[in-house]
Amino acid sequence: MNAPMDMRTRIEAAAARYPDQRSAIMPALYIAQKERGVLTGEVLEEVSEILGVERIWVYELATFYTLYHTEPVGRFHLQLCNNLSCMLCGAEALQAHMEQVLGITKGDTTNDGLFTLSTVECLGACEMAPVMQIGDDYYGNLDTARIDDLLAAFRNAERADDD
């Protein structure tokens, strides 16, 4: 069995696929976030150093794209699309429902650290509107019952992991 590669090795391997190290910033940030959970200033500096690129380039991408987290998020990051298609299909009401059920507002994390609720501009899945991304997975054709089922399933998964 092969030992897992460390973050530096994985970033260097990803960067080798690009003719310009600057082009490897996004995959490097993804690797760093998977490894460290949150892209703190220290982690951004480390990515910059590994790639040999300007720190500002790394910082710009990390703070522009919603897929990168420069602040801690809950174990399950609920990212509800708030673009036109999703809004026309009821995303606003779903956001209000989640805020009520979770006892938080958009941008907050539940006290148990389980859920963070965010809205994002577009998930590119209009055919499933309203749609939400949780981790790397998309959940579409949402209504309040489906949201309640998803939240319960994630809570149960957390309990199972604790056992």
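Residues numbered from 1 in each chain as written. Predicted model: local features only at pLDDT ≥ 70, side-chain atom pairs only at ≥ 80, totals over all residues. Heavy atoms only, no water.

Visitor: What is the right way to look at the overall build of the protein chain in this model?
Guide: Along its length, the protein chain carries 7 helices and 4 strands. Sequence-ordered secondary structure for the protein chain, helices as α and strands as β, is α-α-α-α-β-α-α-β-β-β-α. Each principal axis of the C-alpha distribution contributes one length, and for the protein chain these read about 45 × 40 × 30 Å. The buried share of the protein chain, reckoned over its 163 residues, is 39%. For the protein chain, the proportion of contacts with a sequence separation of at least 24, taken over those separated by at least 6, is 58%. Here the protein chain carries 12 positive and 26 negative side-chain charges, and the mean point of each set is 3 Å from the other. (Helix = DSSP H or I, 4+ residues; strand = E, 2+ residues; numbered from the N terminus. Buried < 20%, exposed > 50% of the residue type's maximum accessible area, 1.4 Å probe, protein only. Contact = heavy atoms within 4.5 Å. Lys, Arg positive; Asp, Glu negative; His and termini not counted. Charge placed at Lys NZ, Arg CZ, Asp CG, Glu CD.)

Visitor: Would you take a moment to explain the nonpolar core for this structure?
Guide: Ranked by size, the top nonpolar core spans 26 residues in total, and within it Leu78, Met98, Phe115, Met132 and Leu142 carry the most contacts. Elements represented by at least two residues in this core include exactly β1 (76-81), α6 (91-102), β2 (115-120), β3 (132-134) and α7 (144-162). Within the second largest apolar cluster, 20 residues are counted, among which are Ile11, Ala14, Ala15 and Ile31. (Core = buried A, V, L, I, M, F, W, Y, C linked by side-chain atoms within 4.5 Å.)

Visitor: Help me understand the layout of surface pockets in this model?
Guide: To find the voids left in a structure, one rolls a probe of water-molecule size over its atoms. Here the largest pocket defines a volume of roughly 550 Å³. Contributing to the lining of the largest pocket are 24 residues, with Gln33, Leu67, His69, Gly135 and Asp136 lying nearest its centre. Going through the elements one at a time, α2 (25-36), β1 and β3 are the ones with two or more residues in the lining of the largest pocket. Of the residues belonging to the lining of the largest pocket, the class tally is 11 nonpolar, 9 polar and 4 charged. Taken as a whole, the second largest pocket holds about 260 Å³ of empty space. Contributing to the lining of the second largest pocket are 19 residues, with Tyr68, His69, Val73, His77 and Ser118 lying nearest its centre. (1 Å grid on protein atoms, 1.4 Å probe; cavity = no way out; pocket = protein on both sides within 12 Å on 5 of 7 lines; lining within 4 Å. Points joined across faces, edges and corners; volume = space filled by probe spheres on them. Nonpolar A, V, L, I, M, F, W, Y, C, P; charged D, E, K, R; others polar.)

Visitor: Which parts of the structure should I look at to understand unusual backbone geometry?
Guide: Peptide bonds are trans in most cases, and residues, glycine excluded, mostly fall at negative phi. For the bond from alanine 129 to proline 130, the omega torsion is -10°, close enough to zero to count as cis. Mapped onto the secondary structure, proline 130 falls in the loop between β2 and β3. For asparagine 141, which is not glycine, the phi torsion reads 50° and is therefore positive. Of note, asparagine 141 is situated in the loop between β4 (137-139) and α7. Its relative accessible area of 51% is what places asparagine 141 among the exposed residues.

Visitor: Explain the pattern of salt bridges to me, please; I cannot follow it from the model alone.
Guide: Opposite charge on two side chains lets them pair, provided their charged atoms get close. Scanning the model with the defined rule gives 6 salt bridges in all. As a salt-bridge pair, glutamate 12 and arginine 8 come within 3.4 Å of each other at their nearest N and O atoms. Placement of the pair is glutamate 12 and arginine 8 together in helix α1 (residues 7-15), with a separation of 4 residues, close to one helical turn. Between glutamate 46 and arginine 36 there is a salt bridge whose closest N-O contact spans 2.9 Å. Here the residue glutamate 46 occupies a position in helix α3 (residues 41-51), and arginine 36 occupies one in helix α2, the gap between them amounting to 10 residues. A network of salt bridges, in which partner residues are shared, links Arg8, Glu12 and Glu49. (Salt bridge = Lys/Arg side-chain N within 4 Å of Asp/Glu carboxyl O.)

Visitor: Please clarify how the packing of α3 against helix α4 (residues 55-64) should be interpreted in this entry.
Guide: Packed helix pairs are characterised by how far apart their axes lie and by the angle those axes make with each other. Put simply, α3 and α4 touch, their axes get as near as 9 Å, and they point 125° apart. Put simply, α3 runs oblique to α4. Crossing handedness for the pair α3 and α4: right-handed. For the pair formed by α3 and α4, the contact residues are Leu44, Glu45, Val47 and Ser48 on the first element and Arg55, Val58, Tyr59 and Ala62 on the second. Of the residues belonging to the contact of α3 with α4, the class tally is 5 nonpolar, 1 polar and 2 charged. (Axes fitted to C-alpha atoms, helices over the stretch in contact; angles between N-to-C directions. Parallel < 35°, antiparallel > 145°, perpendicular 65-115°, else oblique. Left-handed = near helix turned anticlockwise from the far one by under 90°.)

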